[in-house]
Amino acid sequence: MSPATSNTGSNSISRRRQPKGDKRERTRTALLDAALAVTREKGFEQTTLQDVAERAGMSTGAIYGNFKNRDELFMALAVRQWAVIRPRFTPGSSFAEMMRAMADAVLAAIPDREPAAVGALTFRAYALRHENVRAAFSEEMAKGLAAGATWMESVFAADDLPMPAEIMVRVINALIEGLLFQRFLTPELMPDEVFYAAFAALATKPAPAGAQVGKPAPN
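Trainee: Is there a simple way to think about the environment of L32 in this case?
Mentor: Of note, L32 is situated in helix α2 (residues 20-42). Between the C-alpha atoms of L32 and L77, which are 45 residues apart in sequence, the distance is 5.9 Å.

Here's what the structure looks like:
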């Protein structure tokens, strides 16, 4: 057998041995890339599966082989585009220290999230008009919130938190989203110190019921 024939045979075997999952993942990535491009041009409401398939150079059958329908494709796109915030927590850190790390992580995510902000907002507007998409979005978020609450409960005692963990994770999520979108819209009004102040305030336990806070109001 010649070297050329031997190499061809090896390459053929190598291709046959490639996991099918790799091809599926490449197809999904190409479809999501195409969906991103088309929705940026036309918006979610006006984007069809045919548009996405044509942009990806595939058939609509390729889409249905990876996504149940258009809304599932859009949902996957929304999850992929909104960069995950990954704070770096030092073992043994106090809750206040962890909130400082959270502020660091949110600020670090700005370069990745800002280009996707318009798409994230238009997807949310689309979800508000389509109950099945809104429900899927809520389900996806609920999974993340539940995981976050479970983790928080494993790290801190209830007395270390200013509120129950299942509420805390929702407040943190709302704080992150609000701070980021306001930063993108009015950056001159939302400097970094606002982020740090917000998370520092979140780490402050409320005063006990009936306790006097600050000076009494004048009569």
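Trainee: What is the right way to look at the environment of V84 in this model?
Mentor: Topologically, V84 is positioned in the loop between α5 (70-81) and α6 (95-108). For V84, a relative accessible area of 54% translates into the label exposed. Separated by 28 residues in sequence, V84 and D112 have C-alpha atoms that sit 9.3 Å apart.

Trainee: Even after reading the chapter, I still don't get helix α11 (residues 192-202), so can you show me in this structure?
Mentor: Quick reminder: α-helices carry 3.6 residues per turn. Residues three or four places apart thus point the same way. Every buried residue of α11 is listed here: F195, F199 and L202. Buried residues of α11, seen end-on, are gathered within an arc of 55° and therefore sit on one face of the element. The secondary structure elements touched by the buried residues of α11 are α6 and α10 (165-185).

Trainee: What is the right way to read the packing of α6 against α11 from this model?
Mentor: When two helices pack together, you describe them by how their axes are tilted relative to each other and by the distance separating the axes. Where α6 meets α11, the axes come as close as 9 Å, and the angle between the chain directions of the two elements is 150°. As the angle between them shows, α6 and α11 are arranged roughly antiparallel. In the packing of α6 onto α11, the handedness of the crossing is right-handed. Packed against α6, whose contacting residues are F95, M99, R100, M102, A103, D104, V106 and L107, the element α11 presents D192, F195, Y196, F199 and L202 at the interface. Class assignment of the residues belonging to the contact of α6 with α11 gives a composition of 10 nonpolar, no polar and 3 charged.

Trainee: Quick question: what am I supposed to make of the packing of aromatic side chains here?
Mentor: The geometry of an aromatic ring pair comes down to the distance between the two centres and the angle between the two planes. In this structure the tally under the stated criterion is 9 aromatic pairs. Taken together, a centroid distance of 5.4 Å and an interplanar angle of 15° make the contact between W82 and F181 stacked. Of the two residues, W82 sits in the loop between α5 and α6 while F181 sits in helix α10, which places them 99 residues apart along the sequence. Both residues of the pair, W82 and F181, count as buried. Grouping aromatic residues by their ring pairs yields a cluster made of F44, F74, F123, Y126 and F137.

Calculation rules
- Residues numbered from 1 in each chain as written.
- Predicted model: local features only at pLDDT ≥ 70, side-chain atom pairs only at ≥ 80, totals over all residues.
- Heavy atoms only, no water.
- Helix = DSSP H or I, 4+ residues; strand = E, 2+ residues; numbered from the N terminus.
- Buried < 20%, exposed > 50% of the residue type's maximum accessible area, 1.4 Å probe, protein only.
- Arc of directions from axis to C-beta.
- Contact = heavy atoms within 4.5 Å.
- Axes fitted to C-alpha atoms, helices over the stretch in contact; angles between N-to-C directions.
- Parallel < 35°, antiparallel > 145°, perpendicular 65-115°, else oblique.
- Left-handed = near helix turned anticlockwise from the far one by under 90°.
- Nonpolar A, V, L, I, M, F, W, Y, C, P; charged D, E, K, R; others polar.
- Phe/Tyr/Trp six-rings, centres within 6.5 Å; stacked < 30°, edge-to-face > 60°.

In short, geometric facts, not functional conclusions.
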